[in-house]
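A structural walkthrough
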Amino acid sequence: MSRSVSTWSYRPGEWVAIFGAATTLLLPDSEKQRAAQLWELVDGGAGFDATLDQVLAPGLSVLPAFVLIGTGEGPTKVIVRGAGVRATLTTNDESVELDGSTVTTWVERTLEGVTALTVSVGGAGADGPDYLIDGGLVRVARIDLPPHAAPGAAEAAPGAAEAAPVVAVVEAVPEAVPEAVPEAVTGADAEGPATEVFSIDEPSPLDDEADTSSVSPPGFDPMPEDGPAQDASGMVWASDAPPAPPMAPPLAPPFPGAVAVPDDHDGMTRAGAAGDDVGPTPPGIPGQPPAPSVTRPVATLVISNGESVEVDRVVLIGRAPEARRFTATEQPRLVTVPSALHEISSTHIEVRPGSGADHGSAVVTDMGSTNGTVLVQPGLEPEELQPGIAVQLIPGAIINLGDGVTIQVMNP
Amino acid sequence: MTGVELHHGAATDVGLVREVNEDAFLVAPPVFVVADGMGGHDRGDIASAIVVEEFRRLADAGYDPARGPAVVAATLLGAQARIAAYDAAQRAQGARDFHAGTTAVVALLIEQSGEPKWLLANLGDSRVYKYNHGRLEQVSVDHSLVQDLVDAGTIIASDALVHPERHVITRALGGSGSTDADYFVLPLSAAERLVLCSDGVSGMIDDQHIEGILAAAEDPRDAADQMVAAAVAAGGKDNATAVVVDVVGLAAETPYDSERQRVSLEEKLGALP
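Nothing here was measured: the structure is a model prediction, and the numbers come from that model.

Next up on the list: the overall build of chain B. A tally of helices and strands in chain B yields 9 helices and 12 strands. Scored against the burial criterion, the 273 residues of chain B give a buried share of 57%. Contacts in chain B between residues at least 24 apart in sequence constitute 70% of all its contacts with a sequence separation of at least 6.

Here it is, written out as structure tokens:
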């Protein structure tokens, strides 16, 4: 499996799958937001380890399930996590089944000479038609490499249009490789009779109980597949959750449940639900979806004191800049500029990679500075930035913060 | 952390109404934590103690100051896992629907571009304030129902103090909801004094009152004591905890030198020669 581009087949379903050159990543529907953020990375050909780093960056506890497959150079690597998530790997000699239901962290296998690989992530759409894909982001219930025998008509799955940056490269291949797929592997539910022969890794106890639906080891709170359904009686729920702030960008909560704590308590503080507002409120431009926290550099800022700063994340510039309300994975870059006369505010401007219509370029926002910011774009009159209003930056633009400090915007 | 000396004070009180103090705090420079446990019968004091323990371990073991948010996120995750394990153990013993939970506010020194900075993290409705040039400003944004209502424009900030649902929080450690903290980075010069407190303080006395106490009390230990005492005097309806941290050399006037900070409180009060 050392081809640089692999053609998979998939069955439409609930999960979001990102097919990249070297890795394939599957995330449940609740992680749509994360999928959008990781799409660029995976699509850019990121390797297995780099992708895993980013998948885990927010922490394992908030990621109820995922599948990561590395099909680049060398052996095939597969990680599965979550209830009902199964992968079957077949080599010339054996078939290995991985089941993510029964572990607190994940199941991982590295295997040479894999001839067929099947991942199934839940019942929905289990017997739907298969479509071919060699790159992009689609909704799936199951994926096969090489493509499952008898693929259906090559159409994009209906759900594909929902996820934000969708580039589905779906290939029409009317008759495809039927004999290449051993019959035993094509069923995702095959019980993998050869499991016990397999001995590259330590034998895992869960191989023996692969059909046990869900065994929670002590100390592990299994993530419910459908959050709110688990509320037992006696939970406190906020009765009238507030309407989402009108300007808050849509943000899928990590899971649709919320903190639930019994009413019966001594302390006054208690947990409650906030409807759809669970989850961090992304900073930045109201009404626009948040940009991915770290992207490719979209611009380089050359500051008049000689410093040069890449805009690959939020950059806050000022006399003593402060970063407010960010998440663990999106730490903004703080750039201190000298201001002998204190004309520059402590956090004067923010420059970040643009999102939506500004994707691919940097945008500047005055953070309510005391003395304002003047922007000179090439070929345009100088303009005073309105506090809180983001303006797209053209290469060659000059931002004047006052006190003799200017920032030139260059291509990265 | 080289070159930064911190003076600090901390105080906690069970209050006048509660039987158990479910608050916990940590002063282990350069790491400071306040945690407010939830759910009395569910032993919120255990949950808050777990958070403090995890951060004490972090302070003892040391951490990479260049990777602040990742370090804090990992520590919070560790605490979350331990609380979940504790829940599971209690449920296994027959405690139905057992959910311990806790808020957490954390302040610790990190390094960015070679400069020391404050990294603050917040989960729940405990608060971090900065005090600079005589002005108090809340830095953290509560993860609470009333804060959401304020953000949505449904109520105004002053209503939040008396809203019947003011104790309902939307994020916490423990439970099954979001455990993603908000993070903040402040340059040291932005805060000559940092205050971490539970809602037993900020819910009982208003920001003006806190500002007055901080302005009058030069010693951070006095400031913390007086904040908690004021919260109790105002009714003490909840556990009240405050941690006050001064960055030496950045305070408007250095109230005593670093030698004298080490003088014990007993000596300061005249109990020792």
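This paragraph deals with unusual backbone geometry. Following Leu145(A), the chain continues to Pro146(A) via a peptide bond in cis, the omega torsion being -10°. Tracing the backbone shows Pro146(A) in the loop between strand S10 (136-145) and helix H3 (183-186). In this structure, Pro30(B) follows Pro29(B) across a cis peptide bond, with omega equal to 5°. You can see Pro30(B) is positioned in the loop between strand S2 (23-28) and strand S3 (31-38). Positioned with a positive phi, His342(A) is a non-glycine residue whose angle comes to about 60°.

All names here are of chain B. The sheet contact formed by S2 and S3 spans 6 bridges and is antiparallel. Residue pairing in the sheet places Phe25 in a bridge with Val34 of S3. A loop of 2 residues connects S2 with S3, the two strands running antiparallel in sequence.

All right, on to the pattern of salt bridges then. Tallying each qualifying case throughout the model produces 23 salt bridges over all chains. Two residues, Asp182(B) and Arg325(A), come together in a salt bridge whose shortest N-O distance is 2.6 Å. One end of the pair, Asp182(B), is in strand S10 (residues 182-187); the other, Arg325(A), is in strand S15 (residues 323-326), on a second chain. For the pair Asp182(B) and Arg325(A), one class covers both residues: buried. Between Asp246(B) and Arg193(B) there is a salt bridge whose closest N-O contact spans 2.7 Å. Note that Asp246(B) is positioned in strand S12 (residues 240-247) and Arg193(B) in strand S11 (residues 193-197), a separation of 53 residues in sequence. In this structure, a network of salt bridges that share partners links the residues Glu322(A), Arg324(A), Lys130(B) and Glu137(B).

All names here are of chain A. Spatial ordering of the open sheet is given by S13-S12-S23-S22-S19-S20, a layout of 6 strands whose pairing is antiparallel. The outermost strands of the open sheet, each flanked by one partner alone, are strand S13 (308-310) and strand S20 (383-384). In terms of strand pairing, strand S22 (residues 398-402) meets strand S23 (residues 405-410) through 4 bridges, oriented antiparallel. Residue pairing across strands places Ile398 opposite Gln408, the latter belonging to S23.

Quick look at the sheet that holds strand S21 (residues 391-392) of chain A now. Residues and elements named next belong to chain A. Judged by pairing direction, the sheet is mixed, and its 5 strands sit side by side in the order S16-S14-S17-S18-S21 without closing on themselves. Every interior strand has two partners, whereas the edge strands, strand S16 (333-336) and S21, have only one. Strand direction decides the pairing type here: strand S18 (residues 362-366) and S21, joined by 2 bridges, are antiparallel. Of the residues in S21, the one forming a bridge with Val363 is Gln392.

This next bit is on the packing of aromatic side chains. All names here are of chain A. One pass over the full model with this rule turns up 5 aromatic pairs over all chains. Judged by centre distance (5.6 Å) and plane angle (40°), the rings of Tyr10 and Tyr131 are tilted. Residue Tyr10 is located in strand S1 (residues 8-19), and its partner Tyr131 is located in strand S9 (residues 131-133); the two are separated by 121 residues in the primary sequence. In this pair, the class of Tyr10 matches that of Tyr131, namely buried. On the basis of an interplanar angle of 80° and a centroid distance of 6.1 Å, the ring pair of Phe66 and Trp106 is categorised as edge-to-face. Here Phe66, found in strand S3 (residues 66-70), pairs with Trp106, found in the loop between strand S6 (95-99) and strand S7 (107-111); they are 40 residues apart in sequence, far enough to count as distant. Overall, the relative accessible area of 0% leaves Phe66 in the buried class. Exposure remark for Trp106: the relative accessible area of 26% places this residue in the partly exposed category.

Conventions adopted
- Counting restarts for each chain, with residues numbered from 1 along the sequence as it is written.
- Chain labels run from A onward and ligand labels from 1 onward, assigned in the order the entries are written.
- Reporting of local features is limited, given that this is a predicted model, to residues whose pLDDT is at least 70; pairs of side-chain atoms are given and counted only at 80 or more, and all residues count toward the totals for whole chains, interfaces and linings.
- To get the side-chain values, all heavy atoms of the structure are used, and hydrogens and water are removed first.
- Here a helix means four or more residues in a row that DSSP labels H or I, a strand means two or more in a row labelled E, and each is numbered from the N terminus.
- Burial status follows relative accessibility: with a 1.4 Å probe on protein chains alone, a residue under 20% of its type maximum counts as buried, one over 50% as exposed, and anything between as partly exposed.
- In what follows, residue pairs with any heavy atoms lying within 4.5 Å of each other are defined as contacts.
- Strand pairing requires that DSSP identify at least two bridges connecting the strands.
- Definition used for salt bridges: Asp or Glu carboxyl oxygen within 4 Å of a side-chain nitrogen of Lys or Arg.
- Classification of ring pairs rests on two measures: the distance between centres of Phe, Tyr or Trp rings, Trp counted by its six-membered ring, which must be within 6.5 Å, and the angle between planes, read as stacked under 30 degrees, edge-to-face over 60 and tilted in between.

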